[in-house]
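Structural features, examined
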Amino acid sequence: MNIFVCVKQVPDTETKVVPTGDGSYIETNSIKWILNPYDEFAVEQALQVKAANSGSTITVVRVGGVKDTEALRTAMAMGADEAILIEAGDNVDSYMTAKAIKGAIEKSGKNPDLILTGKQAIDDDCLQVPQLLAQMLGMPSVSVVVGFEQDGDGYVLKREIEGGTIEVYSANSPAVVACNKGLNTPRYPSLPGIIKAKRKPMEKWTLSDVGVADSDRRVNYSNFQLPPEKPPGKKFEAMDEGVQASVVSEVVNLLRTEAKVI
Amino acid sequence: MTDYNYAPEQVEIREAALKFAKNEMLPRAGEFDQKQELPLEILTKAWELGLVNTCIPTEYGGAGFSTLDAVIISESLAYGCMGMNTAIMANDLALLPIALFGSDEQKKRFLTPFTESYKIASFCLTEPEQGSDAASIKTTLKKDGDDYILNGQKMWITNAGYADLFVVYATIDPSLKHKGITACVVEKGTKGIEIGKAEHKMGHRCSDTRAMNFNNVRIPAENILMKAGSGWEIAKKTLDHSRPLVAASALGGAQCAFDHAIKYAKERKQFGKPLAKHQAIQFMLADMAIKLENSRNLVHKAAWLLDEGKENTKIASFAKAYAADSCMEITTDAVQIFGGYGYSVEYPVEKLMRDAKLIQIYEGTSQIQRLIIAREILN
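Residues numbered from 1 in each chain as written. Chains lettered and ligands numbered in written order. Predicted model: local features only at pLDDT ≥ 70, side-chain atom pairs only at ≥ 80, totals over all residues. Heavy atoms only, no water.

Looking only at helices and strands, one finds 11 helices and nine strands in chain B. Against the compact-globule benchmark of 21 Å for 379 residues, chain B has a radius of gyration of 21 Å, which places it among compact chains. Across chain B, contacts joining residues at least 24 apart in sequence account for 75% of those joining residues at least 6 apart. When the accessible surface of chain B is split by element, carbon and sulfur atoms take 53% of a total near 16500 Å². (Helix = DSSP H or I, 4+ residues; strand = E, 2+ residues; numbered from the N terminus. Rg over C-alpha atoms; globule rule 2.2 N^0.38 Å. Contact = heavy atoms within 4.5 Å. Areas by Shrake-Rupley, 256 points an atom, 1.4 Å probe, with all protein chains shown as cover.)

All names here are of chain A. For the structure shown, the criterion picks out nine aromatic pairs over all chains. With a centroid separation of 6.4 Å and an interplanar angle of 50°, the aromatic rings of Tyr38 and Phe41 are classed as tilted. Here Tyr38 and its partner Phe41 are both found in helix α1 (residues 37–52), three residues apart, which amounts to about one turn of the helix. We note that Tyr38, like Phe41, is buried. (Phe/Tyr/Trp six-rings, centres within 6.5 Å; stacked < 30°, edge-to-face > 60°. Buried < 20%, exposed > 50% of the residue type's maximum accessible area, 1.4 Å probe, protein only.)

In the segment running from Ser173 of chain A into Pro174 of chain A, the intervening peptide bond is cis, with an omega of -5°. With phi around 75°, Asn159 of chain B is a residue other than glycine that occupies positive phi space. In this structure, Asn159 of chain B sits in the loop between β3 (147–158) and β4 (165–171). The exposure class of Asn159 of chain B is buried, given its relative accessible area of 1%. For Asn216 of chain B, which is not a glycine, the phi torsion comes out positive at approximately 50°. The residue Asn216 of chain B is located in strand β7 (residues 209–220) in this model. Classification of Asn216 of chain B as exposed rests on a relative accessible area of 54%.

Enumeration over the complete set of coordinates arrives at 32 salt bridges over all chains. For Asp355 of chain B, the salt bridge is made with Lys351 of chain B, and the minimal N-O distance between the two is 2.6 Å. A residue pair is termed a helical-turn pair when its members lie 3 or 4 positions apart in one helix, as Asp355 of chain B and Lys351 of chain B do in helix α10 (residues 349–359) at four residues. Via salt bridges that share partners, Asp68, Glu70, Arg73 and Lys198 of chain A together with Glu12 of chain B belong to a single interconnected network. (Salt bridge = Lys/Arg side-chain N within 4 Å of Asp/Glu carboxyl O.)

Before going further, it helps to examine the sheet that holds strand β5 (residues 82–87) of chain A. Residues and elements named next belong to chain A. In spatial order, the strands read β9-β8-β7-β10-β6-β1-β4-β5-β11; together these nine strands make up an open sheet with mixed pairing. Every interior strand has two partners, whereas the edge strands, β9 (166–172) and β11 (202–206), have only one. Across the sheet, the mean angle separating the axes of adjacent strands is 30° when strand polarity is ignored. Note: strand β8 (residues 154–160) against β9, seven bridges, orientation antiparallel. When the bridges of β9 are listed, Gly154 appears paired with Asn172. (Pairing = 2+ DSSP bridges. Axes fitted to C-alpha atoms, helices over the stretch in contact; angles between N-to-C directions.)

The next point concerns the side chain of Arg243 of chain B. All names here are of chain B. Examined against the element boundaries, Arg243 turns out to sit in helix α7 (residues 231–267). Buried Arg243, no salt bridge; nearest opposite-charge side chain is Asp240, N-O distance 4.7 Å. Setting aside chain neighbours within four positions, we find Arg243 in contact with Ala316, Ser317, Lys320, Glu363, Gly364, Gln369 and Ile372. (Lys, Arg positive; Asp, Glu negative; His and termini not counted.)

Okay, empty space enclosed by the protein next. Residue and element names in this part refer to chain B. Per the stated rule, a full pass over the model turns up one cavity of 30 Å³ or more. The wall of the largest cavity is formed by Leu51, Thr54, Ala70, Ile73, Ser74, Leu77, Asn85, Ile88, Met89, Asp92 and Leu245. Elements with a contribution of two residues or more to the lining of the largest cavity: α3 (67–80) and α4 (82–101). Here the residues of the lining of the largest cavity are counted per class, giving seven nonpolar, three polar and one charged. (1 Å grid on protein atoms, 1.4 Å probe; cavity = no way out; pocket = protein on both sides within 12 Å on 5 of 7 lines; lining within 4 Å. Points joined across faces, edges and corners; volume = space filled by probe spheres on them. Nonpolar A, V, L, I, M, F, W, Y, C, P; charged D, E, K, R; others polar.)

Looking now at the nonpolar core. Ranked by size, the top nonpolar core spans 82 residues in total, and within it Val5 and Leu116 of chain A carry the most contacts. With eight residues, helix α1 (residues 8–35) of chain B is the largest single contributor of residues to this core. Setting aside residues no more than four positions away along its own chain, Leu116 of chain A makes contact with Ile3, Phe4, Val5, Cys6, Ala42, Gln45, Ala46, Phe148, Val177 and Cys179 of chain A. One finds Leu251, Ala257, Tyr264 and Leu275 of chain B within the second-largest nonpolar core, a separate group that totals 48 residues. (Core = buried A, V, L, I, M, F, W, Y, C linked by side-chain atoms within 4.5 Å.)

So, on to the interface of chain B and chain A. Reports often express the size of an interface as the amount of accessible area lost when the parts come together. Between chain B and chain A, the contact holds 16 residues from the first and 12 residues from the second. Between chain B and chain A, roughly 1200 Å² of surface is buried when both sides are summed, and carbon and sulfur atoms account for 65% of that area. Looking only at chain B, the three residues that lose the most surface to chain A are Glu9, Glu12 and Leu49 of chain B, adding up to 45% of its buried area. In this structure, the connection of chain B to chain A is made through two salt bridges. The closest approach of N and O atoms between Glu12 of chain B and Arg73 of chain A, which form a salt bridge, is 2.5 Å. One can count four residue pairs in polar contact (both at pLDDT 80 or more) joining chain B with chain A. Tallying contributions element by element places α1 of chain B first for the side of chain B that touches chain A, with 10 residues. Per-class residue counts for the side of chain B that touches chain A are eight nonpolar, two polar and six charged. (Buried area = accessible area lost by both parts, 1.4 Å probe. Polar contact = N/O pair within 3.5 Å; in protein donor to acceptor, adjacent residues only side chain to side chain.)

Take the layout of surface pockets next. To find leftover empty space, a probe the size of one water molecule is rolled over the atoms. The volume enclosed by the largest pocket comes to roughly 1300 Å³. Elements with a contribution of two residues or more to the lining of the largest pocket: α4, β3, α7, α10 and α11 (366–378) of chain B. Examining the composition of the lining of the largest pocket, we find that eight residues originate from one element, α7 of chain B, more than from any other. When the residues that make up the lining of the largest pocket are grouped by side-chain class, the tally is 20 nonpolar, 12 polar and 14 charged. By volume, the second largest pocket amounts to about 920 Å³. Forming the boundary of the second largest pocket are 29 residues, of which Ile34 and Glu40 of chain A together with Glu15, Lys19 and Asn23 of chain B lie nearest the centre.

This is how it looks when you write it as structure tokens:
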């Protein structure tokens, strides 16, 4: 089987985010990059599918900045076989990303049997690339997947919807499957895996190599801002029994009128 | 001049080992300390990731790590739990004599199985009456036809209750002193091995420590490392390799205590401001930071010298003595910064202080390190 895993490299969750001066993106100079946590589920699923289908190859594809290749190296250290890096800016939009991945898969010369992605990236939270990619490739897609089984030529996919209800889909191969937390437990990269990852092949292509032009941009980012600072919390002293009744009614009133939570 | 940067691969090794330590070891360190139980599941997982038996060369199925790689791993794992790391390092201590001095046949026979599944090993040198004075060990190895017969008692043997393999030091003739010492490999289940009950310890309580008796244990000649009488040289060189690992473990534990202290000092308020704004606490934190940096540099140099094929005895003893003593001081100060909370088992730092003490004692006490250093600098 040819399994493709689309990954994104995102700022570490502990990053202190600072918008650039012109508001077009965030400062990336001192960011520590990691593999998008939802994509770890996709890589793990690919490894499990590969283990069950001998002779399979896992190709990881990433579109984005090239200062660091942490995400691809992590995926290969976990066990993916090879990588394709499409060199682009850090702030490419979902449409360009999907189109670039489509171009990369076609350029690779491999016919995909399965494309796995995370359900979303934790930086911009767009949740668009899997569906756009599936549409462009004319494949079925299922997102927020928490259960995966191979069934003959296709896949039986469990998808979580509001309220914890599970929908079960049957999809023909090839399909785009966007993975959610709960699908599996991603393995740690082993130390021999880390060392082996260095020797695994990584193709580097530009956006134009995979047929993407500046005119493909659908979203221009112009005004990144930090959220407004939260006002400080209020503290109420009610150790003295005499004031407790009035303090409680004041708190209840504020929760109702100001915080609007009750 | 030396390059102080880690190679890119070492950065990744460190991140992977530290991630494992923080996610898998640290959250359960207190639990296994209280249960006094070897965390086999965690250790097996560490083995699966390649974090155990770092000394096994690639020819025998190992990853072929440098000593510098190995100390980076040891420091990272000790950050999670010094006790668990003791169980991990005890494997290296036992396998190093084989990796360094074993014949090709012995390496294949004894090391390769450790790369195929998680197995446990013990290094048996100390005896009830001989600790620091290791040249006076009384366990005997007597020739009997083609074999040897092993008799004697060993004490404070890490991993003894779980080990698949023991590297035992004995003497072929006590009157020869260190020239009679011989190292042999004893396999689990050999007739005549008697393993004592688990010791109840102050720290490293999740690691398994026992006394052992060898009663007429028959050792085939092919289990002798090098030749009879070369055990002292084997033990000395093994310790040159293992001391940087132990020093790194002290460093990892100290780093963990330091990180706890920094976090607490920023959160805890007294006299209207965080502890970290009080100069008395700042001085303590600054001293801790200096000791950490010095320990790390010594550990790295001790490892780097070996990787360069150079003599490291003096620097390895510097590293072991300094990092262990610093770990004791740093963990003690961390408890002090936590105040009453630091003394409670509900908080993590008292365990670190208990664990630190052992590193000043095992694999050559801080005093023995100074004797070695004195011998080296006066020579």
